[in-house]
Amino acid sequence: MVQNANVLEDPVVHRTRENRLLATLAKDRKAQFGLIVLCLFVIGAIFAPWIAPNDPNEMTMDMMNKMSIAHPLGTDDLGRDLLSRILHGTRISLFIGVSTVLIALLIGVTLGIAAGYYGGRLDFFIMRYIDLQWAFPNFIIAVYLVAVFGTGLFNIIAAISLAFIDDFARVARAMTLGIREEQYIDAARTLGFSDKRIMLGHILPNAMPPIIVQATVSVSYAILGEASLSFLGLGVDADTPTWGLILADGRGFITQAWWLGVFPGLAIMLVVLSINFIGDWLRDALDVRQAV
Amino acid sequence: MGIFLLRRLFGAVLVMFAVATLVFFMLRIVPGDPIAAMLADAGGPDEIAAMKRKMGLDQPVIVQYFKWFANMAQGDLGSSIYGSRQPVTQILLEALPRTLSLALIGFVIAIAIGVPAGIISAMKRNTPTDTAVSLFAFLGLSMPDFWLAILLIIVFAANLQWLPAIGYVPMSEGLWAWFSHLILPSIAVGTAFSAIIARMIRSSLLEVLRADYMRTAASKGLPVRALMLNHAFPNAMIPVITVIGIAFALLISGAVVVENVFAIKGLGRVLIGGILNRDYPVVQGAVLVVSAFFVFSNLLVDILYGVIDPRIRLS
């Protein structure tokens, strides 16, 4: 704590990445908002079965009730409690958002660093693959993969992660091309370090800042993508409440029950907005210069 | 410039060729065999065999591939496996004007909001106006387009009853009828795009305003108007154009989803309907058209880039 207080007083002191992160966070209201809201959603997701007032799929005779103490966000056409459904939907959304990006990051960064480091034929093939994937909008890739593989949790995760691989590969390769020319890489080579050690120990850490920013942005896109897919009926399955599915189910009743059209979307927007705020803060704090 | 054009065009055609090949083979080599699942819907073994013969599925994959390609080159993408077995090309040609209208109006709305917003927030940097624009841009980026579509329907169609909630009317039935059906969907499609443009223009303009040549021009005593129009904007537009190309993908992806909310039978609804019905000839065709759009809009951006910045033509 004492150390952090010093950092705030004297901006010159924050040399390390952690200090810089904290120092910029203290000034960034949007990022603070984002972190708090995101934490609330994460807590909601983890403890959903205990917090939720009802079972998310339990049908009752209270159909399309307005907001009340028993049903804080009202109920849908089958008498299911909207708050409970949204809370359970948080689990799927966050899980898919994070897991797909981790998978895409792992594969994409490996491809990108290998391509940038080894160059030559490997680089040529990896780049052609990336170019090819670049020819499809990410969401269309995900839609086509779901069309081919079918719906379901595993397939959705596979489809969304595959759609993001090229983004990570591109960033990692561009960083690697720059870092490869640094003197410390020459030094590491001279010392006889293995390629693996140079890539993992020297290139990867230095390529991390833009990859972290890319990952943050991608989580928000992945959450939006999953919501869109399940809204279109290409989601996990019809019995698992996800935000997109809840909206799709409520769509026919929005004239009688506006809350069915408003709250699930509000949940999506709040989470995505928080992640975007955090991404913006990381971009500043890690000094990443990059277009949207 | 001629060689530059030719090279980019050749590249785009090559990518389209690869895209088509990928789209074809993915459906056929994937485990679980989506084609078999599609045929199972067709009926008993006799119907399946007849269908297979009709679609050429009894031949080796490589033969199918070349036939498919030859047919495609002549504009024949096969036919839907449902109902009256409408040719896919015909279905897509019917859908295309709807998606194009939607994307175009969405594009215009996005530019009309995003460009002034970006310029204003750059010129009034760090004022409440700038903060407000930035906050709206964040909201626009974070709002799912289909949710915005639902909100617009709740407010403007269901409650205020200013605009129709769903459907599409061709331009031939009246300009206003066509336009009024497209206003809400276009706003839903264009909002995220306008946020991206506003943010991009702001940061790119701020960068240019700091440049040495701007200081030189200002110290020559150029009026602010000339300074902005002749020096700042042309240079600030270069990165913006790339983003416009990338954001076109967003516009099309957005249209795919939003068409389904507004029951507009454009490419997106055809695509999703095809997937839900396992109507693979239709799905293939729709994906091909969507990616063709994307590839050629990227090509256009590349060319525009070369026009604006002559250095790029040489690289």
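Residues numbered from 1 in each chain as written. Chains lettered and ligands numbered in written order. Predicted model: local features only at pLDDT ≥ 70, side-chain atom pairs only at ≥ 80, totals over all residues. Heavy atoms only, no water.

Participant: Any details on the overall build of chain B? Residues and values, ideally.
Facilitator: Assigned secondary structure in chain B consists of 13 helices and zero strands. Dimensions of chain B, computed from the C-alpha atoms along their principal axes, are close to 85 × 55 × 40 Å. Taken across its 315 residues, chain B has 47% of its residues classed as buried. Charge-centre separation for chain B: the mean point of 22 positive side chains lies 11 Å from the mean point of 16 negative side chains. (Helix = DSSP H or I, 4+ residues; strand = E, 2+ residues; numbered from the N terminus. Buried < 20%, exposed > 50% of the residue type's maximum accessible area, 1.4 Å probe, protein only. Lys, Arg positive; Asp, Glu negative; His and termini not counted. Charge placed at Lys NZ, Arg CZ, Asp CG, Glu CD.)

Participant: Tell me what's going on with the packing of aromatic side chains, and back it up with residues and numbers.
Facilitator: Taken as a whole, this structure holds 21 aromatic pairs over all chains when the rule is applied. Measuring from centroid to centroid gives 5.9 Å for B:Trp68 and B:Phe69, while their planes differ by 90°, and the two rings are edge-to-face. Neither residue differs from the other here; B:Trp68 and B:Phe69 are each classed as buried. Ring geometry for B:Phe156 against B:Trp162: centres 5.8 Å apart, planes inclined by 40°, an arrangement best described as tilted. Owing to a relative accessible area of 26%, B:Phe156 belongs among the partly exposed residues under this scheme. Members of the aromatic cluster, connected to one another through ring pairs, are B:Phe17, B:Phe24, B:Phe25, B:Tyr65, B:Phe66, B:Trp68 and B:Phe69. If you follow A:Arg128 out to its NZ or CZ, it ends over the ring of A:Phe124, 4.8 Å from the centre. Looking at B:Arg199, its charged tip hangs above the ring of B:Phe138, at a distance of 4.7 Å from the centre. (Phe/Tyr/Trp six-rings, centres within 6.5 Å; stacked < 30°, edge-to-face > 60°. Lys NZ or Arg CZ within 6 Å of the ring centre and 35° of its normal.)

Participant: How would you sum up the packing of helix α7 (residues 138-149) of chain A against helix α12 (residues 280-308) of chain B? Please name residues and give values.
Facilitator: For the pair α7(A) and α12(B), the least separation of the axes is 11 Å and the interaxial angle reads 165°. Here α12(B) runs roughly antiparallel to α7(A), going by the angle between their axes. Crossing angle aside, the handedness with which α7(A) passes α12(B) is left-handed. Packed against α7(A), whose contacting residues are A:Ile140, A:Tyr144 and A:Ala147, the element α12(B) presents B:Tyr280, B:Val283, B:Gln284, B:Val287 and B:Val290 at the interface. Looking at the contact of α7(A) with α12(B) residue by residue, the class counts come to seven nonpolar, one polar and no charged. (Axes fitted to C-alpha atoms, helices over the stretch in contact; angles between N-to-C directions. Parallel < 35°, antiparallel > 145°, perpendicular 65-115°, else oblique. Left-handed = near helix turned anticlockwise from the far one by under 90°. Contact = heavy atoms within 4.5 Å. Nonpolar A, V, L, I, M, F, W, Y, C, P; charged D, E, K, R; others polar.)

Participant: Report on empty space enclosed by the protein, specifying residues and quantitative values.
Facilitator: Tallied over the full model, the rule gives three cavities of 30 Å³ or more. Its boundaries defined by the atoms lining it, the largest cavity holds a volume of some 140 Å³. Lining the largest cavity are eleven residues, with A:Val217, A:Asn276, A:Arg283, B:Leu141 and B:Arg199 positioned closest to its centre. For the lining of the largest cavity, the secondary-structure elements that each account for two or more residues are α10 (195-231) and α12 (258-285) of chain A together with α6 (128-142) of chain B. For the lining of the largest cavity, the element with the most residues is α12(A), which contributes four residues. In terms of residue class, the lining of the largest cavity is made up of five nonpolar, three polar and three charged. The greatest single-element share of the lining of the second largest cavity, amounting to three residues, is contributed by helix α5 (residues 88-123) of chain B. Its residues placed into classes, the lining of the second largest cavity shows seven nonpolar, one polar and no charged. (1 Å grid on protein atoms, 1.4 Å probe; cavity = no way out; pocket = protein on both sides within 12 Å on 5 of 7 lines; lining within 4 Å. Points joined across faces, edges and corners; volume = space filled by probe spheres on them.)

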